[in-house]
Amino acid sequence: MREILRLSFSLAKTSFKLRNEGSYLGIMWYLLGPLALFFIILFVKGAAFPGTSAPSYPIYLLIGITGFNFFRQSITTSIQAINMNAGFIRSINNISLETFVLATILESVFSHIFEIALVAAFMIYFGVPVLGILLYPLSFLVFFPFILGAGFFCAAVGVYTTDLDNIWMIASQLLFFVTPVFYTIEPGTMLHTVNLFNPVFYFVSISRTLLIDRTFPPLWMFGVILGMGALACFVGIKIFEAKKRELAEKV
Amino acid sequence: MAGLEVKNISKTFHIQARPTEGVLSHVISAIEGRGNTWELRVLNDISFSCKPGEVFGIIGSNGCGKSTLLRIIAGIYRQDKGIVHAPGRVVYLSGFNIGLQSKLTMRENIYLVGSIMGLRKREVHRYFDDIVRFSGLKDFLDTKIYQFSSGMVARLGFSSIISFVNHKKPDVVLLDEVLGAGGDAEFKREALAKMEEFMRSGAAVIMVSHDMKPIQKYCSRVILLRDGKIAAEGRPEEVIEEYEGTAA
C-alpha cells in the first residue's frame, strides 16, 4: 500500500508539473476557470435577482464552484485513468493498477489546494474571518471516500465503454444545476429532497457551514456522506479489483 | 532456487469484430444472428521450464502469442488455464523508453523512471552517477529531453532501466524484443556488453526475438510457437531451422 501511495504521489506530481510546462500562466489556469465562472454568476445573479443573495454570497458561491469543480475533475480524469496509461500497464509488471487511479485523483487534489487558497484570499477580501479555512480539511476528508470509490468505479467501467465520457459530461452538467452551487435551497422543497441523494450537496453544505457560519454542521450530514463514501468505496473498489487483471487486456 | 515453470497455459482473446459500432448495429447484428465478437485462441496448452542462469528463447511469426505468453508470466495478463510458477522477482522488459517524459529534464526523468521501477528516491540517488556516466550525457543533465536526439533518448532510457532492473536483482527476466539498445555503434556495443553481464547474473531469462542471431548466441533451448502451440522445441539451431524452413 505504501508503495502504491508513493508512486501515485510521484506520478501525480509529475503530471501536475507537465500540465504547467510551457504555459505562461502556469498554475493560474487552475484558478481562471472557476474564477471566470464565479464572476459571470455573480454578475448575472446581481443583475437578474438583486438583493436575494445568501449572507456572504460571494464566498458561498466560490465554495460551491470549487467544491463542484473538484468533484467533476476527479471523476473526469478517473474515467481515463487506465486508458491513458495503457502503455505503462502493458509494459511494466510491477505497478499496481490502483496507482494510476490514485494518481489522477491526487492530481485533482493538488489543483483543489490552489482553489482553496483562492477561497481564503476571497474570504479576506470580503471580510469573512479566514480562520474558518482551517476547518476545511474536515469536510474534504469526509467527502474523499466518495471520490475514491467513484473514481475506482469509473476507471474500471471507462475501459469497457467510451460512452462513459459522454454520459459523465451530460450528467455533470445536470448535477451542476441540481446542486445548490449558485443558489440556496430551503428544506422541504422538492429540490432539497433530491439533493439529499446528492453527495456533492453534503460536501458543499458542510464546507459552507464550517467556513462561513463557523459552526459545526448537523451530525447526520456527516453520517450520510460517510455512508455514501463507504458504499462507493465498497462497490467501486470491489468492481475494480474484480476486473483488474482483465483491464490490461482491454486497453 | 527453483526456476521458472510454465504448465499447460492456454489463453483465448475475445476480439471485438466491430468495436466502433453503436447499439443499433449491435441489435441488428443480433437479429441477423451475426456475432460481434470472435474468439482467438492465442495459446494452447503451453508448457516449458527455465532453470536459474539459463537463457530460454521463444520464436515465432507475428501474432503467434510470444508477447502474450511473456505478459502472462509477468502477471500482466491472466491465463484461462494453466499455472505459472515464477519464484522471486519477475521483471518484464519490452522497451527502454518506458516512462520517459519529453518535457522533463534528464535529471527529472532518471528519478521518474526510478520511481516507476519501484525505487525510492535515495535508491535512485545511489545509481544516479553510474547512470549519467554510462549514458555519456553528463553535459545534458538539466536539458529537457525533447531537445535530445533519438539516440540520446535511447542512451538515457537504456542506462536508467538497466541500472534499476539490476538493483531489483530479479529471479526471472522476460526480454520482449529488447536486446541491445539504440544509439551509436559504440554505445550499442557497451549496451550489449551490459545486457550480457545482466544475463549472466543467475536469473532465469526468457528471450523473445525476431532476430535469430541473439537467439542462437545466447539461448540454450528454444521453443517455436505456431497457431498457439509449441511446434518445435530443442537446441537453437534445430528450432531456428524448423522456423525458417516453414517461414520460407
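Residues numbered from 1 in each chain as written. Chains lettered and ligands numbered in written order. Predicted model: local features only at pLDDT ≥ 70, side-chain atom pairs only at ≥ 80, totals over all residues. Heavy atoms only, no water.

### Remarks on the state of the cysteines
Residues and elements named next belong to chain B.
Next, step 1: Taken as a whole and judged by the stated rule, the model has 0 disulfides over all chains.
Next, step 2: No disulfide involves Cys50; its nearest neighbouring cysteine sulfur is the one of Cys219, lying 9.0 Å away.
Next, step 3: Of the cysteine sulfurs around Cys64, a residue in no disulfide, the closest is that of Cys219, at 15 Å.
Next, step 4: A relative accessible area of 7% places Cys64 in the buried class. (Disulfide = S-S within 2.5 Å. Buried < 20%, exposed > 50% of the residue type's maximum accessible area, 1.4 Å probe, protein only.)

### Re the confidence of the model for chain B
Regions with low pLDDT should not have their predicted coordinates read in detail.
Next, step 1: Mean pLDDT for chain B: 86, with 90% of residues reaching 70 or above.
Next, step 2: Per-element averaging of pLDDT across chain B places helix H1 (residues 23–32) of chain B at the bottom with 68 and strand E4 (residues 81–85) of chain B at the top with 94. (pLDDT = per-residue confidence, 0-100. Helix = DSSP H or I, 4+ residues; strand = E, 2+ residues; numbered from the N terminus.)

### Some words on the interface of chain A and chain B
Many authors give the size of an interface as the accessible area that is lost as the parts come together.
Next, step 1: Chain A puts 23 residues into the contact, and the matching count from chain B is 28 residues.
Next, step 2: Buried surface at the junction of chain A and chain B, both sides included, amounts to about 2300 Å², of which 48% is carbon and sulfur.
Next, step 3: For the interface between chain A and chain B, the tally reads 4 salt bridges.
Next, step 4: Salt-bridge contacts for Arg120 of chain B lead to Glu3 of chain A; the nearest nitrogen and oxygen are separated by 3.2 Å.
Next, step 5: Summed over the shared surface of chain A and chain B, the result is 11 residue pairs in polar contact (both at pLDDT 80 or more).
Next, step 6: Broken down by secondary-structure element, the contributors of at least two residues to the side of chain A that touches chain B are helix H1 (2–20), helix H4 (86–91) and helix H10 (219–250) of chain A. (Contact = heavy atoms within 4.5 Å. Buried area = accessible area lost by both parts, 1.4 Å probe. Salt bridge = Lys/Arg side-chain N within 4 Å of Asp/Glu carboxyl O. Polar contact = N/O pair within 3.5 Å; in protein donor to acceptor, adjacent residues only side chain to side chain.)

### Points about the pattern of salt bridges
Next, step 1: Under the criterion given, the structure shown has 18 salt bridges over all chains.
Next, step 2: With a shortest N-O distance of 2.9 Å, Arg19 of chain A and Glu107 of chain A are connected by a salt bridge. Here Arg19 of chain A is found in helix H1, whereas its partner Glu107 of chain A is found in helix H5 (residues 98–125), with 88 residues between them in sequence.
Next, step 3: Put simply, Lys217 of chain B and Glu196 of chain B hold a salt bridge, and the shortest N to O gap is 3.2 Å. Taken together, the residues span a long stretch of sequence, with Lys217 of chain B in helix H7 (residues 212–218) and Glu196 of chain B in helix H6 (residues 185–199) at a distance of 21 residues.
Next, step 4: Take Lys217 of chain B: its relative accessible area is 55%, and that puts it in the exposed class.
Next, step 5: Under the relative-accessibility criterion, Glu196 of chain B is labelled buried at 19%.
Next, step 6: Salt bridges linked by common partners bring Glu3 and Arg6 of chain A together with Arg120 of chain B together as one network.

### Considering the packing of helix H2 (residues 28–48) of chain A against helix H3 (residues 57–80) of chain A
Residues and elements named next belong to chain A.
Next, step 1: Interaxial distance between H2 and H3 falls to 10 Å at its minimum, and their mutual angle equals 140°. Between H2 and H3, the angle falls in the class oblique. You can see that H2 and H3 cross each other, and the crossing is right-handed. In this structure, H2 uses Pro34, Leu37, Phe38, Ile41, Leu42 and Lys45 to contact H3, whose residues at the interface are Tyr57, Pro58, Leu61, Leu62, Ile65 and Asn69.
Next, step 2: For the contact of H2 with H3, the class distribution of residues is 10 nonpolar, 1 polar and 1 charged. (Axes fitted to C-alpha atoms, helices over the stretch in contact; angles between N-to-C directions. Parallel < 35°, antiparallel > 145°, perpendicular 65-115°, else oblique. Left-handed = near helix turned anticlockwise from the far one by under 90°. Nonpolar A, V, L, I, M, F, W, Y, C, P; charged D, E, K, R; others polar.)

### With respect to the environment of Ala74 of chain B
Next, step 1: Along the polypeptide, Ala74 of chain B turns up in helix H2 (residues 66–74).
Next, step 2: The class for Ala74 of chain B is buried, based on a relative accessible area of 9%.
Next, step 3: Distance from Ala74 of chain B to Ala86 of chain B, taken between C-alpha atoms, is 8.6 Å for residues 12 residues apart in sequence.
Next, step 4: Leaving out residues up to four positions away in the same chain, Ala74 of chain B has contacts with Asn93 of chain A together with Val90, Tyr92 and Leu174 of chain B.

### Describing the packing of aromatic side chains
Residue and element names in this part refer to chain A.
Next, step 1: Summed over all chains, the structure comprises 39 aromatic pairs over all chains.
Next, step 2: Centre to centre, the rings of Phe16 and Phe110 are 5.7 Å apart; their planes meet at 80°, and the pair counts as edge-to-face. With Phe16 in helix H1 and Phe110 in helix H5, this residue pair connects regions lying 94 residues apart in the sequence. This pair shows no difference in class: Phe16 is buried, exactly as Phe110 is.
Next, step 3: When the ring of Tyr30 is compared with that of Phe114, the centres are 6.4 Å apart and the planes differ by 15°; the resulting orientation is stacked. Linking Tyr30 in helix H2 with Phe114 in helix H5, this pair joins segments that are 84 residues apart in sequence.
Next, step 4: Overall, Tyr30 belongs to the buried group, its relative accessible area being 8%.
Next, step 5: With a relative accessible area of 26%, Phe114 lands in the partly exposed category.
Next, step 6: Sitting above the plane of the Tyr60 ring, Arg208 keeps its charged end 3.5 Å from the centroid. (Phe/Tyr/Trp six-rings, centres within 6.5 Å; stacked < 30°, edge-to-face > 60°. Lys NZ or Arg CZ within 6 Å of the ring centre and 35° of its normal.)

### A word on the sheet that holds strand E6 (residues 172–176) of chain B
All names here are of chain B.
Next, step 1: Strand order in this open sheet of 6 strands is E5-E6-E7-E3-E8-E9, and the pairing throughout is mixed. A strand with exactly one partner marks an edge of an open sheet, and here the two such strands are strand E5 (90–93) and strand E9 (229–234). Within this sheet the neighbouring strands show an average axis-to-axis angle of 15°, counted without direction. (Pairing = 2+ DSSP bridges.)

### Some points on the side chain of Thr104 of chain A
Next, step 1: Mapping Thr104 of chain A onto the fold places it in helix H5.
Next, step 2: When sequence neighbours within four positions are dropped, the list of residues in contact with Thr104 of chain A reads Thr77, Ser78 and Ala81 of chain A.

### Looking at the packing of H3 of chain A against H5 of chain A
How two helices pack is summed up by the angle between their axes together with the distance between the axes.
Residues and elements named next belong to chain A.
Next, step 1: Contact pair H3 / H5: the axes reach a minimum separation of 9 Å and the direction vectors enclose 170°. Judged on the interaxial angle alone, H5 and H3 are roughly antiparallel. Across the interface between the two elements, Ile59, Leu62, Ile63, Thr66, Gly67, Asn69, Phe70, Gln73, Ser74, Thr77 and Ser78 from H3 touch Thr104, Ile105, Ser108, Val109, Ser111, His112, Glu115, Leu118, Val119, Phe122 and Met123 from H5.
Next, step 2: Among the residues making up the contact of H3 with H5, the classes are represented as 10 nonpolar, 11 polar and 1 charged.

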